[in-house]
Amino acid sequence: MILVLHGPNLNLLGRREPEVYGTLTFEELEERLESWGSELGVSVVSRQSNHEGQLVEWVQRAEEEGFRGMVLNPGALTHYSYALLDAIRAQPLPVVEVHLSNIYAREAFRSRSVTAPATAGVITGLGALGYKYALEYLVALTG
Ligand code: DQA
């Protein structure tokens, strides 16, 4: 079981700045996550929150909930949430950070991820496929 966490504003996918994030809606992304999971033989649970504390609690509890890894797109929290950084560090599961857009090709403030140092790695700029590759990696790593 793999947990995919989506941070603030990702519920607006498809409607939000489509020239940056594409036209795939959040609901369609969740369908893709489920079908990629079934191709890989793993169940995928997807959760979105606009609240930092909720994301911190999901990260904290993932191991006891029975997950073997996490895919995390922290949204803008990527760039300033030391609470999420600490939460990732405080738990044992591998985390892959994913961004739909290329955070290095945008405003300067986006080119720093404060959460990345606590993760196994980062996939940025590959759109929804980034989630697929992150799932593949986590299955290979923990399978
Ligand atoms: C994002 C990039 C962040 O800078 C931004 O705040 C987001 C989405 C991405 O997926 O490209 O909300 O994480």
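Now for a description of the structure that goes with this document. Just so it is clear, the model here is predicted, and its values are computed rather than measured. Along each chain, residue indices are assigned from 1 in the same order as the chain's sequence is written. Where totals are concerned, whole chains, interfaces and linings use all residues; where local detail is concerned, this predicted model gives features only for residues with pLDDT of at least 70, and gives and counts side-chain atom pairs only at 80 or more. With hydrogens and water stripped out, all remaining heavy atoms of the structure feed into the side-chain values.

### With respect to the sheet that holds strand β1 (residues 2–6)
Sheet strands line up and pair through hydrogen bonds in the backbone, either parallel or antiparallel.
Part 1 of the argument: Any two strands between which DSSP finds at least two bridges are classified as paired. Strands here are runs of E lasting at least two residues and helices are runs of H or I lasting at least four, both read from the DSSP assignment and numbered beginning at the N terminus. Spatial ordering of the open sheet is given by β2-β1-β3-β4-β5, a layout of five strands whose pairing is parallel. Because the sheet does not close on itself, it has two edges, and the strands there are β2 (44–48) and β5 (121–124). In this sheet, neighbouring strand axes are inclined to one another by 20 degrees on average, regardless of whether the strands run parallel or antiparallel.
Part 2 of the argument: A contact between two residues is defined here by any heavy atoms of the two lying within 4.5 Å. All axes are obtained by fitting lines to C-alpha atoms, using only the stretch in contact for helices, and the reported angles, taken between N-to-C directions, cover 0 to 180 degrees. Across the sheet, helix α3 (residues 52–61) is in contact with β1, β2 and β3 (69–73); its angle to β1 comes to roughly 165 degrees.

### Some words on the pattern of salt bridges
Part 1 of the argument: One speaks of a salt bridge when a side-chain nitrogen belonging to Lys or Arg is within 4 Å of a carboxyl oxygen belonging to Asp or Glu. Scanning the entire structure with this criterion turns up five salt bridges.
Part 2 of the argument: Residue E65 pairs with R47 through a salt bridge whose shortest N-O separation is 2.8 Å. Linking E65 in the loop between α3 and β3 with R47 in strand β2, this pair joins segments that are 18 residues apart in sequence.
Part 3 of the argument: A 1.4 Å probe rolled over the protein chains alone gives each residue an accessible area, and that area as a share of the maximum for its type sets the label: buried under 20%, exposed over 50%, partly exposed in between. Residue R47 is classed as buried on the basis of its relative accessible area of 18%.
Part 4 of the argument: Of the charged contacts, one joins E107 and R106 as a salt bridge, the two residues approaching to 3.9 Å between their closest N and O atoms.
Part 5 of the argument: Judged by its relative accessible area of 22%, R106 falls in the partly exposed class.
Part 6 of the argument: Each of R106, E107 and R110 takes part in a single network of salt bridges with overlapping partners.

### Section: the pairing of β1
Part 1 of the argument: Of all five residues making up β1, five are buried, and the element is well covered by its neighbours.
Part 2 of the argument: Summarising the sheet, β1 and β2 pair through five bridges and their orientation is parallel. Along β2, the bridge assignment pairs I2 with V44.
Part 3 of the argument: With five bridges joining them, β1 and β3 adopt parallel strand pairing. Its bridge partner being in β3, L5 is matched across the sheet by L72.

### Digging into the pairing of strand β4 (residues 95–99)
Part 1 of the argument: The buried fraction of β4 is high, at five of five residues.
Part 2 of the argument: On β4, burial covers both faces: V95, E97 and H99 on one face and V96 and V98 on the other are all buried.
Part 3 of the argument: Pairing geometry for β3 and β4, over three bridges, is parallel. Each bridged residue has a counterpart across the sheet, and for M70 the counterpart in β4 is V95.
Part 4 of the argument: Throughout, right-handed denotes a crossover for which the path from the first strand over the helix to the second runs clockwise when the strands point away from the viewer. With helix α4 (residues 82–89) bridging β3 and its parallel neighbour β4, the resulting β-α-β unit is right-handed.

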